[in-house]
Every structure is written in C-alpha cells, then in structure tokens.
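Spelled out, the chains give:
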Amino acid sequence: MSSSSSTALRELQRDLENKANDLSKLQKDIAKNHQVRKKYTIQLGENELVLKELDLLNEDANVYKLIGPVLVKQDLAEANANVRKRIEYISAEFRKRLDASLQDLEEKQNSKREAILKVQQRIQSHQAGKAKA
C-alpha cells in the first residue's frame, strides 16, 4: 500500500511540475505580448504626433519622406493619408490581435493556476492521509 501511495504522490508531483512549466510559458507569452503592445503604443504616439504636425502645415508646404538613406518629396495630402492609414493599422492591431491574444493568455493563465492549486491540494491531502497512517 505504501509503494502505491508513494507512486501516486510522485505522479501528482510530476503533474504539478508540468503545470508549473506550462504556467511559466504562459507568463513569458504574456510578457512578450506586453513588449509588442509597448512597441505599438510608441509607434501610435509617434504617428499621432506626425499627424498633428502635418495638420499645422500650409497646403503648399514641402513634405519629405525618408526612404532608406534618401529624402523623397511627397504630396502633403498623400503624407497625411499614409499617416492616417498607419494609425488605423496600429489601432486595428491593438483591437484584433493584441487585446484578443492577451485576454486568451490571461484566461489560460488563470485556469492553469486553478489546476495547480487543485493538484497542490491533492498532494496535501495525500500527505495528510499518509501522516495519519
């Protein structure tokens, strides 16, 4: 009986270790999501600033776009449209990909934590039963 009891305990501990590793991976994925979110937030802020600057210009002002090492003259309306499209794209990325991904990862993390707690409780009750014997 003691050997089957210690085998069951080892199984529970292995299960706990696997779940803890899974939780660690999820936490790394959440951290990556936050890094990407930070990058997009910075890009969004930069583009909004550029848009404000473009709005201050007269229609006949010269606007240049950096393409590689070269500054290329660009139409003000075209520059405005490009910046607006970029802002739209970044905002859509937040809504569609990053927010949905983060919510999914956080739900998985919460369920993994609950599973870990259950296994820990089973280990504790198993050890308490063993101590009584």
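Residues numbered from 1 in each chain as written. Predicted model: local features only at pLDDT ≥ 70, side-chain atom pairs only at ≥ 80, totals over all residues. Heavy atoms only, no water.

- If you look the protein chain up in an unreviewed UniProt entry, it shows as Prefoldin subunit 6 isoform X1 from Durio zibethinus.
- One UniProt comment on the protein chain, placed under Sequence similarities (unreviewed entry), says "Belongs to the prefoldin subunit beta family." (UniProt positions renumbered as here; feature names shortened; annotations may be inferred.)

Focus: the environment of Thr 7
In step 1: Summarising the element assignment, Thr 7 is placed in helix 1 (residues 2-56).
In step 2: Relative accessible area serves as the criterion here: at 35%, Thr 7 is assigned to the partly exposed category.
In step 3: Along the primary structure Thr 7 and Ala 100 are separated by 93 residues, whereas in three dimensions their C-alpha atoms are 41 Å apart. (Helix = DSSP H or I, 4+ residues; strand = E, 2+ residues; numbered from the N terminus. Buried < 20%, exposed > 50% of the residue type's maximum accessible area, 1.4 Å probe, protein only.)

A look at the layout of surface pockets
In step 1: The calculated volume of the largest pocket comes to roughly 150 Å³.
In step 2: As for the largest pocket, its lining consists of Asn 47, Val 50, Leu 54, Val 63, Tyr 64, Lys 65, Gln 74, Ala 79, Asn 82, Val 83 and Arg 86.
In step 3: Counting residues per element, the ones that place at least two in the lining of the largest pocket are helix 1, strand 1 (63-67) and helix 2 (76-132).
In step 4: In terms of residues, the lining of the largest pocket owes the most to one element, helix 2, which gives four residues.
In step 5: The residue inventory of the lining of the largest pocket, partitioned by class, reads six nonpolar, three polar and two charged. (1 Å grid on protein atoms, 1.4 Å probe; cavity = no way out; pocket = protein on both sides within 12 Å on 5 of 7 lines; lining within 4 Å. Points joined across faces, edges and corners; volume = space filled by probe spheres on them. Nonpolar A, V, L, I, M, F, W, Y, C, P; charged D, E, K, R; others polar.)

Some words on the pairing of strand 2 (residues 70-74)
In step 1: Two elements, strand 1 and strand 2, share five bridges in a ladder whose sense is antiparallel. Each residue of the ladder has a partner; that of Tyr 64, found in strand 2, is Lys 73.
In step 2: Joining the antiparallel neighbours strand 1 and strand 2 is a turn of two residues, in which Gly 68 adopts a positive phi near 65 degrees. (Pairing = 2+ DSSP bridges.)

Notes on the pattern of salt bridges
Pairing between side chains becomes possible if they bear opposite charge and their charged atoms approach one another.
In step 1: With the rule as written, the count across this model stands at seven salt bridges.
In step 2: Two residues, Asp 99 and Arg 37, come together in a salt bridge whose shortest N-O distance is 3.0 Å. Taken as a pair, Asp 99 in helix 2 and Arg 37 in helix 1 lie far apart in primary sequence, 62 residues in all.
In step 3: Under the relative-accessibility criterion, Arg 37 is labelled buried at 19%.
In step 4: Across the pair Lys 108 and Asp 104 runs a salt bridge, and its minimum N-O distance is 3.4 Å. Of this pair, Lys 108 and Asp 104 both sit in helix 2, four residues apart, which is roughly one turn of that helix.
In step 5: Judged by relative accessible area, Asp 104 falls into the partly exposed class, the value being 34%. (Salt bridge = Lys/Arg side-chain N within 4 Å of Asp/Glu carboxyl O.)

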